[in-house]
Amino acid sequence: MAEFLVAKVVFQLTNLLVQEAAFLRGVRDQVEWVKAQLQLLQGFLKDAESRRRGDERVEIWIRQMSGVAYEIEDVIGTIKYMGERRHQRRGFMGTMSRYSHKPRELITLHEIGGKIEKIKEKIRGISESRATYGIANLGESSAMDQSWQSLRESSPHSDDDDIDVVGFENDKKELMSRLLDRNEKARCVISIVGMGGLGKTTLAIKVYNNPAIKKHFDTFAWVSVSQSYRGIELMKDILQKVTGIKQRKGDLEHMDEQEVGEKLRDFLRDTKYLVVMDDVWSVDVWRQMQRVFPDRNKGSRILLTTRNIEVARDAQPWIPPHELQLLDDTESWQLFRRKAFPPNQDVPTELEALAHKLAKKCGGLPLALVVLGGLMSRKDPSYDTWLKIAQSMNWASTRDGRECHNILGLSYNDLPYPLKPCFLYIAAFPEDSIISLSKLVRLWVAEGFILQEQRQTMEDTARDWLEELVQRCLIQVAQRSKARGRVNNIRIHDLLRDYGLEEAKKDEFLYVCSSDDMAGSNGILTHRAAFYDRINDEVAVSSPRLRSLLGFSLILTNVGRSLNGLNLLRVLDLEGAEDLEELPKQIGSMIHLRYLGFRYTDLKRLPSSIRHLLNLQTLDVRGTKIYLLPKSFWKIRTLRHVYINIYMFLSAPISVDHKNFQTLEIREFEFDMDITEIVRSLGIRFNKKCVATSSFTREAIDKACERMFAKSLGKALEQMDSLVSLALILPERIISGDVFFACAPNLHQLRSLTLHGQLVFKQQQQLPDNNQFPPNLTKLILRESGLEQDPMPVLQTLPNLRLLELNRNSYLGKIMSCSSAGGFARRLQHLILTELLNLEEWTVEVGAMPRLTHLTINWCEKLKMLPEGLQHVITLRELKLISMPREFNDRVSNEDGYKVQHIPSIISEDVIDEPSYYL
């Protein structure tokens with residue numbers, strides 16, 4: 001970790017000497033000296049890292065190097081901040097500032113010089129102690145470049161999405177038999193029991209997603225329990241899953257446990273349900289939860305996974321738990337080979353005996369086999385290379401049951417240096433959580449783990465690195481995107497997370513504080529902290545070194561005190577925090593902040609001092625009560641991802657170019673708001689241009705907002721030509737199609753577009769020609785667009801479209817046609833038709849949609865039959881029919897069977913969750 005930190009700081013110093021040459025006059029020599037010394041010490045870090053285990057003096061030396069690197073990074077941040085402040089000055093004063101320093105800047109420069117002198121003294125001390133500890137030079141300054149190069153050249157072959165069930169076929173059959181037993185009408189609790197890493201969750205996922213299971217039960221829910229569960233939160237989670245509704249937090253937050261339990265029980269009473277409770281640790285879980293699961297002799301089932309056999313026995317003593325066993329040698333070899341070698345390729349003869357030995361050493365534990373296989377898949381397939389890896393393992397210690405821990409350590413230590421902090425960061429998230437990759441990527445970039453490359457954005461680089469972690473089997477893919485096949489959500493195994501936390505704490509990288517394990521009053525020594533449930537005010541105050549504060553389900557009593565003095569923060573994420581209504585003004589003094597996440601909090605305003613956060617990259621205030629954005633906000637040139645509501649967007653029009661901007665999401669304001677308050681906050685524009693001053697009606701206000709929005713949107717898109725993702729989620733509002741499509745051809749980087757609202761054109765209600773669309777669009781979601789003309793003739797000619805979703809009255813016509821001429825000839829793989837309530841006839845000509853793999857039809861109640869041409873779409877792998885009329889489904893099963901007989905998976909369901917962009 002220290003080697004990565006130092007290499008990153010050297011990289012930053014190199015750029016700083018070029019970019020801030022004018023400001024550095026007076027301290028340039030000091031900066032160059034620091035850079036040169038760090039480059040010399042880089043080579044010694046390699047030797048130190050290899051010797052750190054068991055040598056306390058070397059551990060201390062490495063921590064000292066890390067501490068110096070962090071201090072230098074703070075100085076770099078201050079210098080860059082001052083440079084950005086100077087850039088924002090305009091006119092005569094701005095011109096003068098290029099050639100002279102203002103008194104305030106001279107003071108800052110003097111302070112920076114003093115800090116650098118102290119850093120130089122520390123570096124001298126570190127250099128002197130190196131010789132005392134006998135740390136040798138193993139090569140200088142190329143670690144970062146070599147690590148990046150190895151990442152660029154990697155060629156993954158692992159089938160990560162194929163969840164491995166090697167050796168589990170009999171287990172799967174037995175569980176399926178129990179779940180589908182029609183003779184057992186009573187509600188049953190079936191438990192999968194086994195040690196960590198044995199594959200309990202993997203097996204449960206395979207069973208849960210089986211088409212026979214989906215057809216047998218009416219209602220489904222999957223919840224992860226973990227050690228730090230809360231009964232009421234489990235009940236809320238299950239209620240949302242079984243009802244198929246993504247309820248807003250406010251709908252349930254005021255209900256107590258008894259109310260939620262009764263609501264859940266009432267819903268389940270007349271259904272045949274399957275609920276999976278994954279990773280149950282305590283018998284108390286079932287004792288608390290069993291009352292909400294009614295037994296009406298409908299054949300409902302509860303499936304538990306647990307490491308504790310007492311949990312299984314307590315839940316239903318007369319049903320024997322299903323105990324997973326370790327894999328035998330044959331099964332171990334099969335799983336290891338699948339992960340270590342490319343598919344359909346023979347194992348090299350010279351490696352076969354050694355590979356068998358490695359597989360056997362894993363002791364039949366699937367997690368160990370998968371992780372070790374992932375490690376070996378990245379290695380040169382030569383005997384010498386493999387032998388070196390085998391000899392580096394402390395196999396003698398496997399006798400005490402730590403073989404998996406040793407293998408995890410081997411895989412972690414083999415990671416290229418840039419990937420180590422990325423992996424450790426994942427451990428900050430709560431146990432068993434599903435982690436949004438887009439959020440994780442934004443956090444990685446804000447933390448500075450990802451450095452800019454010329455060939456692609458930092459976000460794309462981060463996604464490449466994530467794929468590398470997947471290929472090495474250190475994380476699991478929970479969901480991939482339909483549009484581009486990229487990872488959407490991930491999870492991490494408990495044992496891997498535990499290992500990551502252990503390493504993170506050792507490197508003073510990250511510390512997790514739960515309500516049961518709060519740090520003492522001496523504060524947190526690590527540079528990042530994740531707080532679960534509650535945050536100790538005194539800890540935050542006494543931990544000025546903190547650079548990241550992540551909160552999960554926090555209850556905040558005094559946010560001002562919690563944040564006081566944390567002026568080095570880069571990341572502040574308090575998503576879902578309760579009782580957070582106002583931010584302290586001192587947040588404007590946190591000049592290093594790059595990430596502000598307040599999603600789903602009760603925050604009502606942002607302080608005007610936010611304008612001072614000139615390094616800010618991400619602002620996420622979705623689901624908050626904020627309706628005003630400081631007007632100077634858009635002058636922050638570093639902005640990359642912004643998630644706001646329509647009133648915030650209207651209150652502060654975008655006025656400057658944003659070359660780094662990638663994501664803009666504008667949502668409806670989700671809370672009731674008095675119209676006089678809207679007029680007051682946006683009153684100048686209403687009074688002068690839009691509304692008579694005598695009275696304000698809701699209709700007049702909405703029309704005024706729509707006119708303002710059209711004008712502001714056009715100006716904004718003109719200054720965001722680097723935009724990658726745009727989502728306008730404005731149900732029941734008008735989106736000017738003329739304004740948007742006038743700007744769209746210039747959005748060359750735009751890949752994802754969501755338009756939720758009525759598209760209005762001056763002419764007739766139909767889409768413009770394809771040359772007025774963003775040219776590289778891969779994902780398009782239209783909802784409530786109100787199009788009167790068939791959109792397919794235009795959409796099928798978009799050259800790069802991979803996912804198309806026409807949702808809830810996006811098209812109002814009765815007939816839709818996909819022709820063979822054009823007909824999504826290049827890329828379209830996913831087509832989703834939802835709530836097209838007037839659609840009666842859909843035709844698909846032969847040759848149309850030649851690459852379609854997934855088709856979903858949901859609640860198109862007037863659609864009479866599947867198109868005849870569907871039988872010629874031979875690439876189709878899955879057909880989902882959701883909430884369709886019984887007559888339609890019967891026809892698919894009988895007279896229209898020849899149209900779908902080539903499709904491997906046909907799924908019929910009654911309920912579907914809301915579209916993915918609401919998550």
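These figures come from a predicted structure and were not determined experimentally.

Conventions we followed
Residues numbered from 1 in each chain as written. Predicted model: local features only at pLDDT ≥ 70, side-chain atom pairs only at ≥ 80, totals over all residues. Heavy atoms only, no water. Helix = DSSP H or I, 4+ residues; strand = E, 2+ residues; numbered from the N terminus. Buried < 20%, exposed > 50% of the residue type's maximum accessible area, 1.4 Å probe, protein only. Contact = heavy atoms within 4.5 Å. Areas by Shrake-Rupley, 256 points an atom, 1.4 Å probe, with all protein chains shown as cover. Pairing = 2+ DSSP bridges. Axes fitted to C-alpha atoms, helices over the stretch in contact; angles between N-to-C directions. Parallel < 35°, antiparallel > 145°, perpendicular 65-115°, else oblique. Left-handed = near helix turned anticlockwise from the far one by under 90°. Arc of directions from axis to C-beta. Salt bridge = Lys/Arg side-chain N within 4 Å of Asp/Glu carboxyl O. Lys, Arg positive; Asp, Glu negative; His and termini not counted. Expected span 1.5 Å × (residues − 1). Core = buried A, V, L, I, M, F, W, Y, C linked by side-chain atoms within 4.5 Å. Nonpolar A, V, L, I, M, F, W, Y, C, P; charged D, E, K, R; others polar. Phe/Tyr/Trp six-rings, centres within 6.5 Å; stacked < 30°, edge-to-face > 60°. Lys NZ or Arg CZ within 6 Å of the ring centre and 35° of its normal. pLDDT = per-residue confidence, 0-100.

(A) Just the overall build of the protein chain, in detail. Helix and strand counts for the protein chain stand at 33 helices and 26 strands. The buried share of the protein chain, reckoned over its 919 residues, is 56%. Across the protein chain, every contact between residues at least 6 apart in sequence was considered, and the portion connecting residues at least 24 apart equals 66%. Split by element, the accessible area of the protein chain, about 38,900 Å² in all, is 47% carbon and sulfur.

(B) A look at the sheet that holds strand E8 (residues 487-491). One open sheet holds the three strands; their spatial order is E6-E8-E7, and the pairing between them is antiparallel. Of all strands in the sheet, those bounded by a partner on one side alone are strand E6 (435-436) and strand E7 (476-480). The pairing of E7 with E8 spans four bridges and is classified as antiparallel. Looking at the pairing, Gln476 lines up with Arg491 of E8.

(C) Region of the structure containing the pairing of strand E2 (residues 219-224). The element E2 is extensively covered by neighbouring structure, given that five of its six residues are classed as buried. For E2 and strand E3 (residues 273-280), the ladder comprises six bridges, and the chain directions are parallel. The residue bridging Phe220 from the neighbouring strand is Leu274, located in E3.

(D) Representation of unusual backbone geometry within the structure. Positioned with a positive phi, Tyr600 is a non-glycine residue whose angle comes to about 55°. Look at Tyr600 and you get partly exposed, because its relative accessible area is 30%.

(E) Inspection of the packing of helix H1 (residues 2-19) against helix H3 (residues 56-88) at higher detail. Running from N to C, H1 and H3 cross one another at 25°; their axes reach a closest spacing of 9 Å. What the angle tells us is that H1 and H3 run roughly parallel. Considering only the axes of H1 and H3, their crossing is left-handed. Touching Ala2, Leu5, Val6, Lys8, Val9, Gln12, Leu13 and Leu16 of H1 are Ile62, Met65, Ser66, Ala69, Tyr70, Ile72, Glu73, Ile76, Ile79 and Lys80, all from H3.

(F) A look at the pairing of strand E25 (residues 878-882). Looking at chain direction, strand E24 (residues 854-858) and E25 are connected through five bridges and run parallel. The residue of E25 that forms the bridge with His854 is Glu878. Both E25 and strand E26 (residues 905-909) contribute to a ladder of five bridges, which runs parallel. Of the residues in E26, the one forming a bridge with Glu878 is Ser905.

(G) The arrangement of helix H32 (residues 886-893) in detail. Of all the positions in H32, only Phe888, Asn889 and Val892 are classed as buried. Down the axis of H32, the sector holding all buried residues measures 95°, keeping them to one side. Away from its buried face by more than 90 degrees, H32 exposes Arg886, Glu887 and Ser893. Residues of H32 that are buried in the fold lie against E25, helix H33 (897-900) and E26.

(H) Representation of the pattern of salt bridges in the model. Applying the stated criterion across every chain, the model contains 42 salt bridges. Residue Arg486 is joined to Asp460 by a salt bridge in which the shortest nitrogen-to-oxygen separation is 3.2 Å. You can see Arg486 sitting in the loop between E7 and E8 and its partner Asp460 sitting in helix H22 (residues 458-471), a full 26 residues away along the chain. Taken together, the shared-partner salt bridges in this structure form one network comprising Arg378, Lys379, Asp414, Glu468 and Arg472.

(I) Layout of the side chain of Arg594. Note on placement: Arg594 falls in the loop between strand E12 (571-573) and strand E13 (595-597). Despite its burial, Arg594 remains without a salt bridge, the nearest opposite charge being carried by Glu73 at 5.5 Å. Setting aside its immediate chain neighbours within four residues, Arg594 contacts Val445, Ala446, Glu447, Gly448, Arg570, Asn615, Leu616, Gln617 and Thr618.

(J) View of helix H10 (residues 231-243). Over its 13 residues, H10 extends 18 Å from the first C-alpha to the last, a length consistent with the 18 Å expected when each residue adds 1.5 Å. Along H10, the residues that are buried comprise Gly231, Ile232, Leu234, Met235, Lys236, Ile238, Leu239, Val242 and Thr243.

(K) Representation of the nonpolar core. Within the largest apolar cluster, 134 residues are counted, with the highest numbers of intra-cluster contacts made by Leu38, Trp61, Phe336, Trp386 and Trp444. The element contributing the most residues to this core is H3, with eleven residues. Filtering out sequence-adjacent residues up to four positions away, Trp386 remains in contact with Phe336, Ala340, Phe341, Leu351, Leu354, Ala355, Leu358, Met376, Lys379, Asp380 and Pro381. If you look at the next biggest cluster of nonpolar residues, it comprises 122 residues, including Leu569, Met590, Tyr647 and Leu863.

(L) Examining the packing of helix H15 (residues 329-340) against helix H17 (residues 366-377) more closely. Closest axis-to-axis distance for the H15/H17 pair is 7 Å, and the angle between their directions is 35°. For the crossing formed where H15 meets H17, the hand is right-handed. Each of Ser332, Leu335, Phe336, Lys339 and Ala340 in H15 lies in contact with H17, whose residues at this interface are Pro366, Leu369, Val370, Leu372, Gly373, Gly374, Met376 and Ser377. Split by residue class, the contact of H15 with H17 holds eight nonpolar, four polar and one charged.

(M) Seen up close, the packing of aromatic side chains. One pass over the full model with this rule turns up 21 aromatic pairs. With centroids separated by 6.3 Å and ring planes inclined at 75°, the aromatic side chains of Phe217 and Phe220 adopt a geometry described as edge-to-face. Judged by its relative accessible area of 16%, Phe220 is buried. Ring pairing ties together the aromatic residues Tyr208, Phe217, Phe220 and Trp222, which thus form one cluster. Positioned above the aromatic ring of Tyr208 is the side chain of Lys214, whose terminal nitrogen or guanidinium carbon lies 4.1 Å from the ring centre. Positioned above the aromatic ring of Tyr643, the side-chain terminus of Arg622 is 4.0 Å from the ring centre.

(N) Broad picture of the sheet that holds E3. The strand order across the open sheet built from five strands is E2-E3-E4-E1-E5, with neighbouring strands paired in parallel fashion. The open sheet is flanked by E2 and strand E5 (322-323), the only strands paired with a single partner. Bridge count between strand E1 (residues 188-193) and E5: two bridges; the pairing is parallel. What sits directly across from Ile192, in E5, is His322.

(O) Layout of the side chain of His216. Following the sequence through the fold, His216 ends up in helix H9 (residues 211-216). The exposure class of His216 is buried, given its relative accessible area of 10%. Those residues in contact with His216 that lie beyond four places of it in its chain are Leu179, Leu180, Arg182 and Lys272.

(P) View of the environment of Leu614. Structurally, Leu614 can be placed in the loop between E13 and strand E14 (618-620). In sequence terms Leu614 and Ile636 are 22 residues apart; their C-alpha atoms lie 5.3 Å from each other. In this structure Leu614 touches Tyr81, Glu84, Arg85, Gln88, Ile636 and Thr638, once residues within four positions along its chain are discounted.

(Q) Molecular detail of the confidence of the model for the protein chain. In the predicted model, the protein chain carries a mean pLDDT of 83, and 86% of its residues have values of at least 70. Below pLDDT 50 for its whole length, residues 152-163 participates in 30 contacts with residues either more than four positions away or in separate chains. Low pLDDT, under 50, characterises residues 396-401; the predicted model gives this stretch four contacts beyond four residues in sequence or across chains.

(R) Representation of the environment of Arg338. Among the structural elements, Arg338 can be located in helix H15. Classification of Arg338 by relative accessible area gives partly exposed; the value is 28%. In this structure, the C-alpha to C-alpha distance between Arg338 and Ser377, residues 39 residues apart in sequence, is 9.6 Å.

(S) The arrangement of the environment of Glu835 in detail. Examined against the element boundaries, Glu835 turns out to sit in the loop between strand E22 (830-834) and strand E23 (841-844). For Glu835 and Asn809, which are 26 residues apart along the polypeptide, the C-alpha to C-alpha distance reads 6.3 Å.

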